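# A look at the structure
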Amino acid sequence: MLNTYYSNKIEWLVELLAKKLQTNPPSVFEKINISINKFLLGEWVKNQITLSNGIFAYCEIKSITDLTKHLVNELKHTKTNHYWDLESLKWAIINSLDELNQFKEVWPVEFWAKKLNPSQPIDKSLYYFANNIAKNFSDYLIYRPELVYRWHKSNINSKKLFNNLEKDEYWQALLFKLIEKNNSYNFLTFDILEVIKAIDEKTIFNPNIQQEINIFTTDDISKLYLDFYQKISQFSNINLYILSPGFDLWERTKMLIENNHNFQEFNKLIDPIPEIKFGQSAANFQKLIEESVISNQTNINSEFLYSNPLNFYKNKKEIPLLKQLQNSIINKTNNPFKIFEGDSSLIFKELPNIVYELEFIKLEIKDLLKNEVNIKLGDIAIITPNINLIKKHLRFI
C-alpha cells in the first residue's frame with residue numbers, strides 16, 4: 001500500500017511517524033529506514049523522534065539514493081554493487097575522449113576531445129567540460145532513464161543506438177557506450193528498471209524486505225524513484241510524508257485569473273497560488289504522483305493534515321495579514337485581504353542597499369526581543385536566497 005500524508009507543518013508529519021513507531025515498534029533486531037535527502041533536516045527529525053519516543057536506535061536516516069540501493073540489492077539478492085558517482089563519472093568521461101575521437105560523430109565536441117593530451121596535466125577547461133557532461137548524464141539517468149537504458153541495451157555499432165537523437169547528439173550515446181566498455185561499475189538506474197520489470201513479470205514476488213518504508217520529501221523525488229516505490233508497495237507499506245503548501249495545487253496553478261481593471265479591487269478574486277506562481281514545484285510533484293499512481297495501478301491512501309492559521313483568530317475582528325495569506329495559500333478562499341493599522345506581521349520594504357536592509361532587520365529583531373517575552377534569539381530565522389551575498393556585509397552592522 002502507498003500511503004501519502006500531506007501537510008504544511010513538518011513537525012506534524014514527524015509526530016505522526018513517531019506515534020506510528022511507538023504504536024507498532026520494530027522487533028529487537030529490525031532497523032527502520034527513514035529517507036530524508038537533506039542532512040540537517042534528517043538530524044532534526046532524529047532529535048524529534050528521540051524526544052517523542054525516548055529512543056532512536058532502531059531508526060536509520062538514509063538519502064533516497066542510499067535507501068533505494070539497499071532495497072534494490074535485497075530485491076535482486078545481490079551483494080552491494082559499486083555504482084557510479086559524479087566524480088568517478090567525470091574521470092571516466094575524460095579517459096574515454098581519446099577513443100571517442102575515432103568516431104566521425106565526435107564533431108560537435110571535437111574541440112574538447114582533441115584537448116586531451118596524455119603526457120600533460122588535465123586542462124582546466126577540459127575538466128569543467130567533463131563535469132558538465134557528467135551532470136547531464138546523471139540527469140539523464142534520473143529523468144530520462146528509458147533513453148539511457150536503450151543506449152545500455154544497444155550495440156555500439158548499431159543504428160538503434162541513435163534512435164530519438166538529433167545528429168549533433170549522437171556523440172553522447174557513443175561516449176556513454178565507451179564509458180560502459182572501459183569500466184566495471186553499474187548504474188543504479190538500470191537495476192531499478194530491471195526490478196520494476198521483474199515485478200511486472202512476477203519473477204519477483206513476496207520478497208523479504210522491511211514492511212514499513214518511510215520517506216520525507218517536498219518535491220525532490222523523480223518519476224523513476226516514484227515508479228520503483230509504487231511497485232514495491234505491493235509487498236510493503238510505503239509511507240510518503242510530503243511537506244506541501246496547500247490543497248489542489250495543480251488545478252490552482254493552472255487556473256487563469258482574469259485581471260479586469262474595470263472591477264474594483266475588493267471585487268477581485270484572490271488566490272496567491274496562481275497569482276504569484278507560489279507552489280508550482282509542489283503542484284508538479286502532486287500531479288506526478290497522481291499520474292504515476294494511475295499508470296502503475298497502485299493502491300493509494302491519502303491523508304491531508306493541514307493546519308488552520310485562523311484557528312486562534314476565530315472570535316477576533318482583526319486578523320494579521322500574514323495569517324490571511326497563509327490561509328489563502330493552504331486552501332483557495334478568494335477572499336480579499338484586509339490590512340489593519342499597526343499590523344506588522346508581513347512587511348514589504350524597499351531600501352537603498354543590502355546594508356540598510358540588514359540594519360532594518362537588526363532593529364526589527366531588537367524590537368521583537370524587547371516586546372515579546374517568550375521570543376528568544378534561537379526562535380528567529382533570517383532566510384535569504386544567497387547566504388554568501390550577505391555574509392560579507394554583516395561586520396558593518
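Here is a short report on the structure shown in this document. (Residues numbered from 1 in each chain as written. Predicted model: local features only at pLDDT ≥ 70, side-chain atom pairs only at ≥ 80, totals over all residues. Heavy atoms only, no water.)

### Thoughts on the packing of helix α6 (residues 124-143) against helix α8 (residues 170-182)
Relative to each other, α6 and α8 sit at 90°, their axes nearing to 12 Å. When the axis of α6 is compared with that of α8, the two are roughly perpendicular. Residues Ile133, Phe137 and Tyr140 of α6 touch α8, and the partners they reach there are Trp171, Gln172, Leu175, Phe176 and Ile179. Here the residues of the contact of α6 with α8 sort into 7 nonpolar, 1 polar and no charged. (Axes fitted to C-alpha atoms, helices over the stretch in contact; angles between N-to-C directions. Helix = DSSP H or I, 4+ residues; strand = E, 2+ residues; numbered from the N terminus. Parallel < 35°, antiparallel > 145°, perpendicular 65-115°, else oblique. Contact = heavy atoms within 4.5 Å. Nonpolar A, V, L, I, M, F, W, Y, C, P; charged D, E, K, R; others polar.)

### A look at the pairing of strand β3 (residues 59-62)
Note that strand β2 (residues 32-35) and β3 share 4 bridges and pair parallel. The residue bridging Asn33 from the neighbouring strand is Glu60, located in β3. Considered for its hand, the β-α-β crossover made up of β2, helix α2 (residues 39-53) and β3 is right-handed. (Pairing = 2+ DSSP bridges. Right-handed = clockwise from strand over helix to strand, strands pointing away.)

### What to know about the nonpolar core
The biggest cluster of nonpolar side chains holds 71 residues, and the ones touching the most others in it are Phe137, Trp151, Phe228, Tyr229 and Ile232. Not counting the four nearest positions on each side in its chain, Phe228 is found in contact with Thr68, Leu71, Val72, Leu75, Ile192, Val195 and Ile196. Counting residues in each nonpolar core, the second largest holds 17 residues, with Leu17, Ile32, Ile49 and Tyr241 among its members. (Core = buried A, V, L, I, M, F, W, Y, C linked by side-chain atoms within 4.5 Å. Buried < 20%, exposed > 50% of the residue type's maximum accessible area, 1.4 Å probe, protein only.)

### Observations regarding the layout of surface pockets
What the largest pocket holds in volume is close to 1,600 Å³. Breaking the lining of the largest pocket down by element, the ones donating at least two residues are α14 (321-330), α15 (354-371) and α16 (387-391). Take the lining of the largest pocket: its biggest share by element is 10 residues, from α15. Its boundaries defined by the atoms lining it, the second largest pocket holds a volume of some 550 Å³. Lining the second largest pocket are 22 residues, with Thr65, Ser138, Ile142, Leu188 and Tyr225 positioned closest to its centre. Only α3 (64-76), α4 (86-100), α6 and α9 (188-200) provide two or more residues apiece to the lining of the second largest pocket. For the lining of the second largest pocket, the class distribution of residues is 13 nonpolar, 5 polar and 4 charged. (1 Å grid on protein atoms, 1.4 Å probe; cavity = no way out; pocket = protein on both sides within 12 Å on 5 of 7 lines; lining within 4 Å. Points joined across faces, edges and corners; volume = space filled by probe spheres on them.)

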